[in-house]
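# Structural overview for review
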Amino acid sequence: MRIGVIGTGNMADALGTHWVRAGHEVVIGGRDESRTAALAARMGAAGHGTPRAAAESGDAVLLALPYEAGVDVVSGLEAALRGRALIDCSNPVGPGFVLLTEGGPSAARRLADAAPGAHVVKAFNLCHEDVWRMDPPVFDGRPLAVPVCGDDAGALDLVRELVKDVGCTPVTAGGLERAGLVEATAALFIALWVREGADAQAIAPPLAFAAGDPRRAALTSP
């Protein structure tokens, strides 16, 4: 698969490295030529250039930029992104662990509005970049699950494959209208982890108990 990566920070490095190792043709795009070239060389990427070059090179394009920069960059690449899967891994979380999008569209929806020809998929936003550097991200023998939200079936299929290439399990989380819920989950988890020092995994019961206690149901059945 051809993958464009827009950005030269930690998320671009962590995810892009997995995809290079998986045999994909990765092109890194950034505004700082020397930094872009250095990242591409370190990863063994197929090429590097401007953000536009990365956008034009990918069947899927990872937007690995801070939330505040995303819309401006994407709106300038609308034509280049048309028909491509655009992966949004941003977290619109501000001081106090509040959502910067509260009361408005999700970060992913804003990108979709800025580049209406792109097929935006929300993924890879729930973990620190160091988790994505793990090879693979497996905890207690279970691969990390990655929620994936989007409206285009083909784009979702591409992103699910890229999730698997990181060593994770894709989880269908609904259409793009649910991306805001995934972003809100990130805000909650980050607050629990960072401010409270709490284990966010501990707040959810196992799947078998999600609709109640199955042991109780067994006792009451005829």
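In this convention, every chain numbers its residues from 1, walking through the sequence in written order. At least 70 in pLDDT is required for a residue's local features to be given in this predicted model, at least 80 for side-chain atom pairs to be given and counted, and no such filter applies to totals for whole chains, interfaces and linings, which use all residues. As a rule here, side-chain values cover all heavy atoms of the structure and leave hydrogens and water aside.

## With respect to the packing of aromatic side chains
Rules: Each Phe, Tyr or Trp ring (for Trp, its six-membered ring) is paired with any other whose centre lies within 6.5 Å, and the angle between the two planes then decides the class: stacked below 30 degrees, edge-to-face above 60, tilted in between. Burial status follows relative accessibility: with a 1.4 Å probe on protein chains alone, a residue under 20% of its type maximum counts as buried, one over 50% as exposed, and anything between as partly exposed.
Within this structure, the stated rule accounts for three aromatic pairs. Seen in terms of ring centroids, Phe124 and Trp132 are 5.3 Å apart; in terms of plane orientation they differ by 80 degrees. Their pairing is edge-to-face. The exposure class of Phe124 is buried, given its relative accessible area of 1%. Trp132 sits in the buried class, given a relative accessible area of 1%. Cluster of aromatic residues (ring-pair linked, three or more members): Trp19, Phe124 and Trp132.

## Some remarks on the sheet that holds strand β8 (residues 119-122)
To keep things clear, this is the line we draw: Note on pairing: two strands pair once DSSP finds at least 2 bridges between them. Under the scheme used here, helices are H or I runs from DSSP no shorter than 4 residues and strands are E runs no shorter than 2 residues, and both carry numbers assigned from the N terminus. Axes, fitted as lines to C-alpha atoms, cover a helix only where it is in contact. Angles between the N-to-C directions of the axes lie from 0 to 180 degrees. Note on definitions: a residue-residue contact is assigned when non-hydrogen atoms from the two residues lie within 4.5 Å.
Taking strand neighbours across the sheet as the criterion, the eight strands line up as β3-β2-β1-β4-β5-β8-β11-β12 in an open arrangement whose pairing is mixed. Each end of this open sheet is capped by a strand with a single partner; those strands are β3 (47-49) and β12 (169-172). Direction aside, the axes of adjacent strands within the sheet are offset by 25 degrees on average. The strands that helix α8 (residues 153-165) touches are β1 (2-6), β4 (60-63), β5 (85-88), β8, β11 (145-150) and β12; relative to β11, the one it contacts most, it runs at about 165 degrees.

## Quick word on the layout of surface pockets
So the rule is basically this: The method works on a 1 Å grid over the protein atoms by themselves. A cavity is a set of points holding a 1.4 Å probe that cannot get out, a pocket is an open set with protein on both sides within 12 Å along at least five of seven lines, and residues with an atom within 4 Å of a point line them. Grid points are joined across faces, edges and corners, and a volume is the space filled by probe spheres set on the points. In this classification, Asp, Glu, Lys and Arg are treated as charged, Ala, Val, Leu, Ile, Met, Phe, Trp, Tyr, Cys and Pro as nonpolar, and every other residue, Gly included, as polar.
Put simply, the largest pocket is a space of about 1100 Å³. Around the largest pocket, the lining comprises 31 residues; the ones closest to its centre are Arg142, Leu144, Ala145, Phe189 and Gln201. For the lining of the largest pocket, the secondary-structure elements that each account for two or more residues are α7 (129-133), β10 (142-143), β11, β12 and α9 (179-196). At five residues, the largest contribution of residues to the lining of the largest pocket is made by α9. Class assignment for the residues of the lining of the largest pocket results in 23 nonpolar, five polar and three charged. Computed from the structure, the second largest pocket encloses a volume of approximately 440 Å³. Along its surface, the second largest pocket is lined by 22 residues, and Met11, Cys89, Ser90, Asn91 and Glu129 are the ones closest to its centre. For the lining of the second largest pocket, the secondary-structure elements that each account for two or more residues are α1 (10-21), α4 (67-75) and α9. Looking at the lining of the second largest pocket residue by residue, the class counts come to 14 nonpolar, six polar and two charged.

## Describing empty space enclosed by the protein
Taken as a whole and judged by the stated rule, the model has one cavity of 30 Å³ or more. Each pocket or cavity is described by its volume, and for the largest cavity that value is around 60 Å³. Taken together, Leu63, Leu65, Pro66, Tyr67, Gly70, Val71, Asp88, Ser90, Ala107 and Leu111 make up the lining of the largest cavity. Taken together, the elements giving at least two residues each to the lining of the largest cavity come down to α4 and α6 (107-114). For the lining of the largest cavity, the leading source of residues is α4, giving three residues.

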